[in-house]
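A look at the structure
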Protein chains: 2
Amino acid sequence: MVPRVIFGRGSFNQLSDILAPKRLNINAPFIFLVDDVFKSNSWLTSRIPLSYDDKIIYISAAEEPKTSQVDDLVEEIILSNKERPSGIIGIGGGTLLDLAKAVSIMLTNEGEAKDYQGWDLVKNKAIYHVGIPTISGTGAEVSRTTVLTGPTRKLGINSDYTPFDQVVLDSELLKDVPNDQWFYTGMDCFIHCVESLQGTYINTFSQSYGEMALSLCKEVFLEDNLTSKESQEKLMMASWHGGMSIVYSQVGVAHAMSYGLSYLLGTKHGIGNCIVFDHLEEFYPEGVKLFKQMKSKHNVVLPQGICSKLSDKEFDTMIDIALDLEPLWENALGKNWKKTITRKKLKSLYIKM
Amino acid sequence: MVPRVIFGRGSFNQLSDILAPKRLNINAPFIFLVDDVFKSNSWLTSRIPLSYDDKIIYISAAEEPKTSQVDDLVEEIILSNKERPSGIIGIGGGTLLDLAKAVSIMLTNEGEAKDYQGWDLVKNKAIYHVGIPTISGTGAEVSRTTVLTGPTRKLGINSDYTPFDQVVLDSELLKDVPNDQWFYTGMDCFIHCVESLQGTYINTFSQSYGEMALSLCKEVFLEDNLTSKESQEKLMMASWHGGMSIVYSQVGVAHAMSYGLSYLLGTKHGIGNCIVFDHLEEFYPEGVKLFKQMKSKHNVVLPQGICSKLSDKEFDTMIDIALDLEPLWENALGKNWKKTITRKKLKSLYIKM
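Not measured: the values here are computed from a predicted model.

**Side note on the domain arrangement of chain A**
All names here are of chain A. Under the domain assignment used here, chain A contains domain 1 (4-174) and domain 2 (179-352). Averaged C-alpha coordinates put domain 1 and domain 2 at centres separated by 25 Å. Where domain 1 abuts domain 2, roughly 2,500 Å² becomes buried across the two surfaces, and 66% of that area is made up of carbon and sulfur atoms. The tally of links from domain 1 across to domain 2 stands at 1 salt bridge. For Glu64, the salt bridge identified is with Lys268, shortest N-O distance 3.5 Å.

**What to know about the pairing of strand 9 (residues 166-169) of chain A**
Residue and element names in this part refer to chain A. Burial along strand 9 is two-sided: Gln166 and Val168 and Val167 and Leu169, pointing in opposite directions, are all buried. The pairing of strand 1 (residues 4-7) with strand 9 spans 4 bridges and is parallel. Each bridged residue has a counterpart across the sheet, and for Ile6 the counterpart in strand 9 is Val168. The sheet contact formed by strand 6 (residues 129-133) and strand 9 spans 2 bridges and is parallel. Across the sheet, Gly131 pairs through a bridge with Val167, a residue of strand 9.

**Focus on the sheet that holds strand 9 (residues 166-169) of chain B**
Residues and elements named next belong to chain B. Pairing in this open sheet of 6 strands is parallel, and the strands run 1-9-6-4-2-3 from one edge to the other. At either end of the open sheet lies a strand with only one pairing partner, and these are strand 1 (4-7) and strand 3 (55-59). Recorded for the sheet is a direction-independent mean angle of 15° between the axes of neighbouring strands. By the bridge criterion, 5 bridges tie strand 4 (residues 87-92) to strand 6 (residues 129-133) in an arrangement that is parallel. Its bridge partner being in strand 6, Ile89 is matched across the sheet by Val130.

**Considerations on the UniProt feature "domain: Fe-containing alcohol dehydrogenase-like C-terminal" (unreviewed entry) in chain A**
The UniProt record annotates "domain: Fe-containing alcohol dehydrogenase-like C-terminal" (unreviewed entry) at residues 184-289 of chain A. The span residues 184-289 of chain A carries 75% helix and 0% strand; its end-to-end C-alpha distance comes to 16 Å.

**Side note on helix 4 (residues 94-106) of chain B**
Taking 1.5 Å of rise per residue, 13 residues should cover 18 Å, and helix 4 of chain B covers 18 Å from first to last C-alpha, within 8% of that figure. Counting buried residues in helix 4 of chain B gives 13 out of 13 residues, a clear majority hidden from the surface.

**A closer look at the interface of chain B and chain A**
Tallying the contact residues gives 22 residues for chain B and 22 residues for chain A. When the area that chain B buries against chain A is broken down by residue, the three leading residues are Met1, Thr204 and Phe205 of chain B, summing to 27%. Our count for the contact surface shared by chain B and chain A stands at 2 salt bridges. Between Asp160 of chain B and Arg4 of chain A there is a salt bridge, with the nearest N and O atoms lying 3.2 Å from each other. Taken together, the connections running from chain B to chain A amount to 12 residue pairs in polar contact (both at pLDDT 80 or more). For the side of chain B that touches chain A, the elements supplying multiple residues, two or more each, are strand 1, helix 6 (204-222) and helix 7 (228-247) of chain B. A breakdown of the residues in the side of chain B that touches chain A according to their chemical character gives 13 nonpolar, 5 polar and 4 charged.

**A look at the UniProt feature "domain: Alcohol dehydrogenase iron-type/glycerol dehydrogenase GldA" (unreviewed entry) in chain A**
Under the present numbering, the feature "domain: Alcohol dehydrogenase iron-type/glycerol dehydrogenase GldA" (unreviewed entry) in UniProt falls on residues 4-170 of chain A. In this annotation, residues 4-170 of chain A is assigned 21% helix and 24% strand; the end-to-end C-alpha distance for the span is 14 Å.

**Here's the deal with the packing of aromatic side chains**
Applying the stated rule across the entire model yields 23 aromatic pairs over all chains. Judged by centre distance (5.5 Å) and plane angle (50°), the ring pair of Phe7 of chain A and Phe205 of chain B falls under tilted. In this pair, Phe7 of chain A sits in strand 1 while Phe205 of chain B sits in helix 6, so the two residues belong to two different chains. Take Phe205 of chain B: its relative accessible area is 0%, and that puts it in the buried class. Among the aromatic residues, those joined into a ring-pair cluster are Phe7, Phe205, Tyr209 and Tyr248 of chain A together with Phe7, Phe205, Tyr209 and Tyr248 of chain B. One cation-aromatic arrangement involves Arg47 of chain B over Trp43 of chain B; the distance from NZ or CZ to the ring centre is 4.5 Å. Seen from the ring of Trp43 of chain B, Lys175 of chain B lies directly overhead, with NZ or CZ sitting 4.1 Å from the centre.

**Section: the packing of helix 8 (residues 253-265) of chain A against helix 14 (residues 343-352) of chain A**
Residues and elements named next belong to chain A. The interhelical angle for the contact between helix 8 and helix 14, taken along N-to-C directions, is 65°, at an axis separation of 12 Å. On the basis of their axis angle, the class for helix 8 and helix 14 is roughly perpendicular. Note that helix 8 runs across helix 14; the crossing there is right-handed. Two secondary-structure elements touch here, helix 8 through Ala256, Met257, Gly260 and Leu261 and helix 14 through Leu346, Leu349 and Tyr350.

**A word on the nonpolar core**
Counting residues in each nonpolar core, the largest one holds 209 residues, and the members touching the most others are Phe190 and Trp240 of chain A together with Phe190 and Trp240 of chain B. For Phe190 of chain A, the residues in contact, after removing those within four places along its chain, are Leu214, Cys217, Phe277, Gly287, Leu290, Phe291 and Met294 of chain A.

**Side note on the sheet that holds strand 3 (residues 55-59) of chain A**
All names here are of chain A. The strand order across the open sheet formed by 6 strands is 1-9-6-4-2-3, and the pairing between neighbours is parallel. Edge positions in the sheet fall to strand 1 and strand 3, since each has one partner strand and no second. Across the sheet, the mean angle separating the axes of adjacent strands is 15° when strand polarity is ignored. The strands touched by helix 4 (residues 94-106) are strand 2 (30-35), strand 3, strand 4 (87-92) and strand 6; relative to strand 4, the strand with the most contacts, the crossing angle is about 170°.

**Things to note about the pattern of salt bridges**
According to the stated counting rule, one finds 44 salt bridges over all chains in the structure shown. Residue Lys347 of chain A pairs with Asp312 of chain A through a salt bridge whose shortest N-O separation is 2.9 Å. Of this pair, Lys347 of chain A sits in helix 14 while Asp312 of chain A sits in helix 11 (residues 312-323), and the two are 35 residues apart along the sequence. Judged by its relative accessible area of 53%, Asp312 of chain A is exposed. One connected set of salt bridges, linked through shared partners, spans Arg4 of chain A together with Asp120, Arg144 and Asp160 of chain B.

**Looking at the packing of helix 6 (residues 204-222) of chain A against helix 10 (residues 285-297) of chain A**
Residues and elements named next belong to chain A. With their axes 10 Å apart at the nearest point, helix 6 and helix 10 run at an angle of 30° to one another. Here helix 6 is positioned roughly parallel relative to helix 10, judged by the angle of their axes. Side by side, helix 6 and helix 10 meet where Cys217, Lys218, Phe221 and Leu222 of the first sit next to Leu290, Gln293, Met294 and Lys297 of the second. Split by residue class, the contact of helix 6 with helix 10 holds 5 nonpolar, 1 polar and 2 charged.

**Description of the environment of Thr67 of chain B**
Residue and element names in this part refer to chain B. The topology assignment puts Thr67 in helix 3 (residues 67-79). Relative accessible area serves as the criterion here: at 4%, Thr67 is assigned to the buried category. Residues Thr67 and Asn158 lie 91 residues apart in sequence; the distance between their C-alpha atoms is 14 Å. Setting aside chain neighbours within four positions, we find Thr67 in contact with Ala113, Lys114, Gln117, Leu148, Thr149, Gly150 and Pro151.

**Focus: the relation of the copies chain B and chain A**
With an RMSD of 0.0 Å, the fit of chain B onto chain A corresponds to turning through 180° and sliding 0.0 Å along the axis. One copy is carried onto the other by what is essentially a two-fold rotation axis. For chain B, the residue whose C-alpha comes nearest the rotation axis is Pro3 of chain B, separated from it by 2.3 Å. Mapped onto chain A, 100% of the interface residues of chain B are again interface residues, and the two copies thus contact each other with one and the same surface.

Cut-offs used in this document
Residues numbered from 1 in each chain as written. Chains lettered and ligands numbered in written order. Predicted model: local features only at pLDDT ≥ 70, side-chain atom pairs only at ≥ 80, totals over all residues. Heavy atoms only, no water. Domains from an automatic or database assignment. Buried area = accessible area lost by both parts, 1.4 Å probe. Salt bridge = Lys/Arg side-chain N within 4 Å of Asp/Glu carboxyl O. Buried < 20%, exposed > 50% of the residue type's maximum accessible area, 1.4 Å probe, protein only. Helix = DSSP H or I, 4+ residues; strand = E, 2+ residues; numbered from the N terminus. Pairing = 2+ DSSP bridges. Axes fitted to C-alpha atoms, helices over the stretch in contact; angles between N-to-C directions. UniProt positions renumbered as here; feature names shortened; annotations may be inferred. Expected span 1.5 Å × (residues − 1). Contact = heavy atoms within 4.5 Å. Polar contact = N/O pair within 3.5 Å; in protein donor to acceptor, adjacent residues only side chain to side chain. Nonpolar A, V, L, I, M, F, W, Y, C, P; charged D, E, K, R; others polar. Phe/Tyr/Trp six-rings, centres within 6.5 Å; stacked < 30°, edge-to-face > 60°. Lys NZ or Arg CZ within 6 Å of the ring centre and 35° of its normal. Parallel < 35°, antiparallel > 145°, perpendicular 65-115°, else oblique. Left-handed = near helix turned anticlockwise from the far one by under 90°. Core = buried A, V, L, I, M, F, W, Y, C linked by side-chain atoms within 4.5 Å. Least-squares fit on C-alpha atoms with pLDDT ≥ 70 in both.

So this is what it looks like as structure tokens:
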């Protein structure tokens, strides 16, 4: 679990106090990986505390994070600094947070990021790393994984060294998230909860976190009585609790299939989950019903027919990626999941999307 | 926050695997502080992994933990071992968990435990410490305090070094808790939640944890459809979330007044909270109503008239202790709490108990 978290409107202003005691020496900088939507946003960037050789690297979140991107960042950081950094600070959504986690791991572990995709393959403690979400729902701020697209698969680096050492939850950073993105990322949390709560891996620990997050999602996306500040705070907590829920359980069908879309088509995780989940009534009847209510209430129109022109080979690629995620299927449908989830079944679902 | 937690029925059996990598060397033992109710209980004690100079110290939880007791334990541990321990493992309820936290701090910090009662006075990182609750409700397994009775006051050692490095949540360890104790300790959690949720310090973070814990308490103590295993697991999670809720907020009137009882009369924390809360309708009308329902459903009869024979001087002592806890009163009643909470008012409440 994340050992230190600060919560509060405006808590971003305390970043300087948080980082100061963690500076190793003047040659060991803090590297800030920041979503490039903030590039000319001085409201945020002017408050990033830079001293000595500290540096901001702006990164586009238009694509899902890649193992090669992590390797490039690590090389850039090593080549341009005298010493290993004092810390890596990720400021952004799931993409930036996952990049920050992966870079901090790869700065102290040999080889390439793709070698560590899987469970508990990381050998050395990561560099001190801090996560500051500017959009909520993914749970990346609390999870022990960093999901990366590698040369052969989309899979997380899951390890005890992955979680952030410090998280700053300042809901004010969410104030300018566009409506559609707010919905897609929020639904990532909602779908986590449905998949976790309805999964066979569920236990009282994950259940209590999942139910709390689900109830917050319903408040945020179905009720009308919250101020935008309250919505931001509640979605921030929903993301946190939803992430905690899956740390000790697992996601399910929507995530498995959405990874396929993302690998082949580069579909972003949030919207990909929505596109898939919209067609999963047979697996999650109650959840999908609520999802459709939320979609309609927020006037969100999902892309249609994104798989309509794919070749058989492309379908096969997506199906391979999805089927490879065995724990997700087992969680969703039990040990005998292979009886119902055939390649044909998956193709029939993908074709609808 | 606690960085590592393991949850699951039977997870106590993994203790050996958890501790092994933390052993510094063969002269640096693990010291197990264990509630002495388990002294001849081989079901539990036979599973405590002892190697080299590792040692079990049985401790009675009949009295609230004292600063002098911590100092004695630290002295005993230092004198009887060649090196500082590899770790301190507390196995028991709030008393044992608080002792384990305090001992691990005082093994690396000079002076006496009483010198550290307060906020952020601890200078050095504590010895590695593990908490294993065998009763649930106090939140001691997750909190950043260790509440001790000192020569002049009952107050916690609140610090970033106080929380456990590892917690083991094995609900099976709760199976033999006597009914009354189960109720008193569970109510500690329930009262935390009421005080936190109704307090002026409340924020979305604490609120979401508090609501989750409150809802679990209601399930455990007011509904009839849980198996004993489910009740144990749910109360274990309620205690965890209730503890998290007050980490970022504060308790209130019941805790302030109960500290007075405890200091003067040695009343244990759980039952003390119940005795006080039973008379707090004017501060927590809804909470006290629910409490009375739970009390009646579980056939719990609270002691009456425990203050009936006290002298004025004794009342003054209790009132001094209670009034000293300013943050609790401010949380409960706002910045102007001194207008309503007079010495006379407190005496009139204590007299009823």
